[in-house]
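Secondary and tertiary structure notes
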Amino acid sequence: MGLLTDCFGIDFGTTNSAVVSRRDQDGNIVFHQHGSDYGLPMPSSIAIDRKTGEVYSGRRSWEKRSELAERCEYIRSVKSLLDDDDGAPLLIDGNDKRWTPVDVASEIFKALKKLVRNSHERLDRATVAIPITFSPTKRRKLRQAAAMAGIEITSFISEPTAAFFANYDDLRSCSTIAVFDWGGGTLDVSVLKHSGGAVEELAVRGMSIAGDHIDMKMARHIHSMIARDRRSTGIAFEDIPARQRDYLIVASERAKKEFSGDDEATVAISEYGDFGTLRKTLIYDWFAEIIRPEVDAAVDCLKKAVKSSKVGINNIDVVLMVGGTSGLRPLREAMEQIFADRIYMPENKEWNIAMGAAKLRHEPGEHYAAQSLGVNLSSGAFYPILSRGTPLKGFKASCDFGIVDSSEEARFIFSDGDERAPLCLKSLSVPAYRFLYEKIKLDAEVDDNLVFTVYAKSERQSEDFTRFWEYDGLRCGYRISK
Ligand SMILES: Nc1ncnc2c1ncn2[C@@H]1O[C@H](COP(=O)(O)OP(=O)(O)OP(=O)(O)O)[C@@H](O)[C@H]1O
Ligand SMILES: [Mg+2]
């Protein structure tokens, strides 16, 4: 018999994927983190045996990644591959199975499902957190991958919004929040505006230097130090067998984490190429110096996001720091210099986004349009199709337009209708029949993936002359019921 929980949130990360369930235990609400043996989220990497098609997932496969690479196709960050078309498979294994990015992503969902089963729960439905910039193609493919693993994605939620609601009890009085999410693969910064349980994103910015990059940099530096100590500078990092290089990368990551609280960390490996046994004590100042460029780049990224939000750094009420790499002590020190006591770092920063998603799966709330979207009429007036503030679930609208001359096409100019500086989003040409006052029908909808699509056709033309536009940049807000 399994526990009857149906409130799961998933953070499908580039490096780690986290699943959290919200349970009502004896009247208390608890969030259960479904971690691997080490209590950490599951690495998002998958290894597939080229001959047998056997799949390896989870933390152990990550730690042995170079070893497995000898006989397996190792796919590290399928999240970034989901946009690729499915023409060329990532792998055709010995059983002639073609592995597409969706197949690989579904293996991650299957592994998450298994993790949950270990706690005697069933993961059948979940809210999934995604970056706001996730394209419609990626959203559809992620949905498909989850479905292949028997998981229905009930709703998507943007990662920073999930992070904010995970900490809502403490942050509800804040109006302007910078969410700083530094993980294994990317740093994503978003500036959020909050009012009475409604959240909108004012600006986003990111960079692809993160935890994995730091581990590799440390490993290379440690290698050079050892080579110098042993007077063997001729032995390059690449000369070390892949498996033993992995040991050093894993040991570097461990040391990196230890520096969050300690001034010293020791790296010890029993077998490291021609160097044999390795034991090296590292000091915090060395570490801080090595990663200073990455920390400076991250702080700069935050400053740029704040600048483009036009909010002003002094008006940021709080910087919410999530993602594992936010735990870096040199980063915390640099942030404290700028924001002093305006920093908020939840304890479980690698789980926070999944926890927020699980919370929102349970609490009633809705996405709404954080912008208007409509057509610029020939008179110069703006005709709204979707108005700011409209709930997006199940949104559908139809309207008719008349051609005012006898042209061969009707040209629709879609814009956000901003009063001061309207942003022109798309020009869509629809074949017409050259009749005066010919009616052009426009059907708009927002689907479950939060993608706005409009279909336009002359009533005198056949379906073949339907033209459509899919807008993946629709700015959405999310509000919870008060
Ligand atoms: N205390 C710590 N100090 C420094 N780094 C840490 C600490 N704890 C975890 N990390 C690092 O955080 C990274 C994983 O973070 P997280 O799980 O947030 O990534 P992710 O969400 O999968 O990645 P992304 O957001 O880039 O898609 C790893 O590189 C890990 O080494
Ligand atoms: Mg992340």
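Our subject in this report is the structure included herewith. (Residues numbered from 1 in each chain as written. Chains lettered and ligands numbered in written order. Predicted model: local features only at pLDDT ≥ 70, side-chain atom pairs only at ≥ 80, totals over all residues. Heavy atoms only, no water.)

Quick word on the packing of aromatic side chains
Applying the stated criterion to the full structure yields 17 aromatic pairs. With a centroid separation of 5.6 Å and 75° between ring planes, the pair formed by Phe 164 and Tyr 168 is classed as edge-to-face. On the basis of relative accessibility, which here comes to 0%, the residue Phe 164 falls in the buried class. The interplanar angle of 70° and the centroid separation of 5.9 Å between the aromatic rings of Phe 165 and Tyr 478 together place this pair among those described as edge-to-face. (Phe/Tyr/Trp six-rings, centres within 6.5 Å; stacked < 30°, edge-to-face > 60°. Buried < 20%, exposed > 50% of the residue type's maximum accessible area, 1.4 Å probe, protein only.)

Focus: the packing of helix H3 (residues 101-118) against helix H4 (residues 136-148)
Running from amino to carboxyl end, H3 crosses H4 at an angle of 55°, the nearest separation of the two axes being 8 Å. Judged by the inter-axis angle, H3 sits oblique to H4. H3 and H4 meet at a crossing whose hand is right-handed. Residues Val 102, Asp 103, Ala 105, Ser 106, Phe 109 and Lys 110 of H3 touch H4, and the partners they reach there are Lys 141, Leu 142, Gln 144, Ala 145, Ala 146 and Met 148. Looking at the contact of H3 with H4 residue by residue, the classes come out as seven nonpolar, two polar and three charged. (Axes fitted to C-alpha atoms, helices over the stretch in contact; angles between N-to-C directions. Helix = DSSP H or I, 4+ residues; strand = E, 2+ residues; numbered from the N terminus. Parallel < 35°, antiparallel > 145°, perpendicular 65-115°, else oblique. Left-handed = near helix turned anticlockwise from the far one by under 90°. Contact = heavy atoms within 4.5 Å. Nonpolar A, V, L, I, M, F, W, Y, C, P; charged D, E, K, R; others polar.)

A look at the nonpolar core
Generally speaking, soluble globular proteins have nonpolar side chains that are buried together. Membership of the largest hydrophobic core comes to 50 residues, with the highest contact counts inside it found for Phe 180, Trp 182, Leu 248, Leu 302, Val 319, Leu 331 and Met 335. In this structure, Phe 8, Val 78, Trp 99 and Val 104 belong to the second largest nonpolar core, which totals 33 residues. (Core = buried A, V, L, I, M, F, W, Y, C linked by side-chain atoms within 4.5 Å.)

As for the pattern of salt bridges
Counted under the stated rule, the structure contains 24 salt bridges. Notably, a salt bridge pairs Lys 217 with Glu 294, separated by 3.0 Å at the nearest N-O pair. With Lys 217 in helix H7 (residues 211-229) and Glu 294 in helix H10 (residues 292-309), this pair connects stretches of sequence that are 77 residues apart. Exposure class is identical for Lys 217 and Glu 294. Each is buried. With a shortest N-O distance of 3.7 Å, Glu 445 and Lys 396 are connected by a salt bridge. Here Glu 445 is found in strand E25 (residues 439-446), whereas its partner Lys 396 is found in strand E22 (residues 396-402), with 49 residues between them in sequence. Residues joined in a network through salt bridges with shared partners are Lys 113, Arg 122 and Asp 124. (Salt bridge = Lys/Arg side-chain N within 4 Å of Asp/Glu carboxyl O.)

Brief notes about H4
Taking 1.5 Å of rise per residue, the 13 residues of H4 would be expected to cover 18 Å, and the 18 Å separating its terminal C-alpha atoms lies within 8% of that figure. Pro 136, Lys 138, Arg 139, Lys 141, Leu 142, Arg 143, Ala 145 and Ala 146 are the residues of H4 that are buried. Where the residues of H4 are buried, they touch strand E1 (8-12), H3, strand E10 (125-130), strand E11 (152-158) and strand E27 (467-471). Positioned one or two residues after H4, Gly 150 has a phi angle of 80°, which is positive. (Expected span 1.5 Å × (residues − 1).)

Details of the sheet that holds strand E19 (residues 365-369)
In spatial order, the strands read E18-E17-E12-E13-E14-E28-E19; together these seven strands make up an open sheet with mixed pairing. Edge positions in the sheet fall to strand E18 (343-344) and E19, since each has one partner strand and no second. With seven bridges joining them, strand E12 (residues 176-182) and strand E13 (residues 187-195) adopt antiparallel strand pairing. Residue pairing for E13: Thr 176 is matched across the bridge by Lys 193. Lying on the sheet, helix H11 (residues 329-339) is in contact with E12, strand E17 (318-322) and E18; it crosses E17 at an angle near 170°. (Pairing = 2+ DSSP bridges.)

Observations regarding the site of ligand 1
Surveying the vicinity of ligand 1 reveals 20 residues, the closest of which are Thr 14, Asn 16, Thr 186, Glu 253 and Lys 256. In the model, an oxygen atom of ligand 1 is placed 2.7 Å from a nitrogen or oxygen of the Lys 256 side chain. Alone, ligand 1 offers 660 Å² of accessible surface; in the complex the protein occludes 94% of this. Sorting the residues of the shell around ligand 1 by element identifies H7 and helix H8 (242-258) as the ones contributing at least two each. The element contributing the most residues to the shell around ligand 1 is H8, with three residues. When its residues are assigned to classes, the shell around ligand 1 shows one nonpolar, 14 polar and five charged. (Near = heavy atom within 4 Å. Polar contact = N/O pair within 3.5 Å; in protein donor to acceptor, adjacent residues only side chain to side chain. Areas by Shrake-Rupley, 256 points an atom, 1.4 Å probe, with all protein chains shown as cover.)

Observations regarding the packing of H7 against H8
Remark: H7 packs on H8, axes separated minimally by 8 Å, with the N-to-C direction vectors making an angle of 110°. Looking at the two axes, H7 sits roughly perpendicular to H8. Along the contact surface, H7 presents Gly 211, Ile 214, Asp 215, Met 216, Met 218, Ala 219, Ile 222 and His 223, while H8 presents Leu 248, Ile 249, Ser 252, Glu 253, Ala 255 and Lys 256. Partitioning the contact of H7 with H8 into residue classes produces eight nonpolar, three polar and three charged.

Quick notes on the side chain of Ser 309
Here Ser 309 is to be found in helix H10. Looking at Ser 309, the relative accessible area reads 11%, which means it is buried. Of note is the side chain of Ser 309, whose polar atom sits 2.6 Å from the backbone oxygen of Val 306. Not counting residues within four places of it along the chain, the set of residues in contact with Ser 309 comprises Val 191, Leu 202 and Ala 203.

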